Amino acid sequence: MGCAYHFIHDLKARLANRVQLTTDGHRAYLTAVEDAFGAEINYAMLQKIYGTTNESPETRYSSAVCMGARQAIISGSPDHNHISTSYAERQNLTMRMSMRRFTRLTNGFSKKLENHEHALVFYFMYYNFCRIHQTLW
């Protein structure tokens, strides 16, 4: 709950206008968004529904199959066409694939928080200012 509280309050401090926010089904966001924004936000929650997986050795580390998603309007009037967590999920995937320290079952982890933070700074500096993105070709 504490991390969600600090994250959402930091987000609120960076915004000048009313926005639409979509979060996943993590319950800590409900109280954090309510406390930070009150009724001054268009807020929706997108909960993905996953099917059960077979615990065979071949599929042990595979992710579950997404069977669908449930949209819930929490506050304001969010646009149904823009209720999505895809941009954040894509950024997380790109970061995980670029820095193996975010991948499960790897030895490329940081033993110190300070080293982990430095790795993130280098990654975002490279991603935002050095990398030539495919959409620009």
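Structure first, text after, so check above.
Residues numbered from 1 in each chain as written. Predicted model: local features only at pLDDT ≥ 70, side-chain atom pairs only at ≥ 80, totals over all residues. Heavy atoms only, no water.

> What exactly am I supposed to notice about the overall build of the protein chain here?
Of the regular secondary structure elements, the protein chain holds 4 helices and 3 strands. Ordered by position in the sequence, the α and β elements of the protein chain form the string α-β-α-β-β-α-α. Across the protein chain, the fraction of contacts at a sequence separation of at least 24, relative to all contacts at a separation of at least 6, is 48%. Accessible surface, the protein chain: about 10700 Å² in total, of which carbon and sulfur atoms supply 55%. (Helix = DSSP H or I, 4+ residues; strand = E, 2+ residues; numbered from the N terminus. Contact = heavy atoms within 4.5 Å. Areas by Shrake-Rupley, 256 points an atom, 1.4 Å probe, with all protein chains shown as cover.)

> Could you clarify how one ought to interpret helix α2 (residues 28-37) in this entry?
It helps to recall that an α-helix has 3.6 residues per turn; residues three or four apart then point in one direction. Along α2, the residues classified as buried are Ala-28, Tyr-29, Ala-32, Val-33, Ala-36 and Phe-37. Buried residues of α2, seen end-on, are gathered within an arc of 115° and therefore sit on one face of the element. Buried residues along α2 sit in contact with α1 (2-14), β1 (20-23) and β2 (42-50). Once α2 ends, the next one or two residues include Gly-38, with phi positive near 65°. (Buried < 20%, exposed > 50% of the residue type's maximum accessible area, 1.4 Å probe, protein only. Arc of directions from axis to C-beta.)

> What is the right way to read the nonpolar core from this model?
As a rule of thumb, nonpolar side chains are buried together in soluble globular proteins. The biggest cluster of nonpolar side chains holds 12 residues, and these are Ala-4, Ile-8, Leu-21, Ala-28, Tyr-29, Ala-32, Val-33, Ala-36, Phe-37, Ile-41, Tyr-43 and Met-45. Where this core is concerned, the elements lending two or more residues are α1, α2 and β2. Broken down by element, this core gets its largest block of residues, 6 residues, from α2. (Core = buried A, V, L, I, M, F, W, Y, C linked by side-chain atoms within 4.5 Å.)

> Explain the packing of aromatic side chains to me, please; I cannot follow it from the model alone.
The final tally for this structure, using the stated rule, is 2 aromatic pairs. The interplanar angle of 70° and the centroid separation of 5.0 Å between the aromatic rings of Tyr-123 and Phe-124 together place this pair among those described as edge-to-face. The exposure class of Tyr-123 is buried, given its relative accessible area of 7%. Through successive ring pairs, a cluster of aromatic residues spans Tyr-123, Phe-124 and Tyr-127. (Phe/Tyr/Trp six-rings, centres within 6.5 Å; stacked < 30°, edge-to-face > 60°.)

> Looking at this structure, how should I read the pattern of salt bridges?
Under the criterion given, the structure shown has 3 salt bridges. The shortest N-O distance in the salt bridge between Glu-40 and Arg-18 comes to 3.8 Å. A residue pair is termed long-range when its members are at least 10 positions apart, and Glu-40 in the loop between α2 and β2 and Arg-18 in the loop between α1 and β1 qualify at 22 residues. For Glu-40, a relative accessible area of 52% corresponds to the exposed category. Relative accessible area serves as the criterion here: at 42%, Arg-18 is assigned to the partly exposed category. The salt bridge partner of Lys-48 is Glu-89, with a shortest N-O separation of 2.8 Å. Here Lys-48, found in strand β2, pairs with Glu-89, found in helix α3 (residues 86-98); they are 41 residues apart in sequence, far enough to count as distant. On the accessibility criterion, Lys-48 (32% relative accessible area) is partly exposed. (Salt bridge = Lys/Arg side-chain N within 4 Å of Asp/Glu carboxyl O.)

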